[in-house]
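Inside the fold
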Amino acid sequence: MRLDKYLKISRLIKRRTVANAACDEGLIAVNGKPARASYEIKIGDFITLGIGNRVITVEVLKIQDSVKQADAAGMYREVSSGEN
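Residues numbered from 1 in each chain as written. Predicted model: local features only at pLDDT ≥ 70, side-chain atom pairs only at ≥ 80, totals over all residues. Heavy atoms only, no water.

1. What about the side chain of D4?
- With respect to the helices and strands, D4 occurs in helix α1 (residues 3-9).
- We classify D4 as buried; its relative accessible area is 1%.
- Polar contacts involving the side chain of D4 include one to the side chain of R16, which spans 3.2 Å.
- D4 has contacts with R16, A19, N20 and A37, leaving out every residue within four places of it along the chain. (Helix = DSSP H or I, 4+ residues; strand = E, 2+ residues; numbered from the N terminus. Buried < 20%, exposed > 50% of the residue type's maximum accessible area, 1.4 Å probe, protein only. Polar contact = N/O pair within 3.5 Å; in protein donor to acceptor, adjacent residues only side chain to side chain. Contact = heavy atoms within 4.5 Å.)

In structure tokens:
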């Protein structure tokens, strides 16, 4: 699954276009390297989001094409969270 789609489905970012823009601006990294929106996410990948003055790192646990809002947080595990 593409990174931008995963970010939207898991509700880490509200819209796919915003996820795309964040990737283009270098705000998203996968396994410590800046990632493009087209990057293919795999289970076990670590995604780091630097949005605003907040940095969040999550581990990918599940990849699903659709998920209910209540179950979206089960797609990842938050590893670390902090401020820039």
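That covers the picture; the talk isn't over yet.
2. Things to note about unusual backbone geometry
- At R11, a position not held by glycine, the phi torsion is positive, near 65 degrees.
- Locating R11 in the fold gives a position in the loop between α1 and α2 (16-24).

3. What about α2?
- Every buried residue of α2 is accounted for by A19, A22 and C23. Viewed along the axis of α2, the buried residues span an arc of 100 degrees, placing them on a single side of the element. Seen from the open side of α2, the exposed residues pointing more than 90 degrees away from its buried face are T17 and D24.
- Summarising the contacts, the buried residues of α2 are in contact with α1 and β1 (28-30).
- Backbone geometry just downstream of α2 places G26 in the positive-phi region, at approximately 80 degrees. (Arc of directions from axis to C-beta.)

4. A look at the side chain of D45
- Within the secondary structure, D45 is located in the loop between β2 (33-34) and β3 (46-51).
- Assessed through its relative accessible area of 6%, D45 is described here as buried.
- Beyond its immediate stretch of four places on either side in the chain, D45 contacts V30, N31, Y39, E40, V58, E59 and V60.

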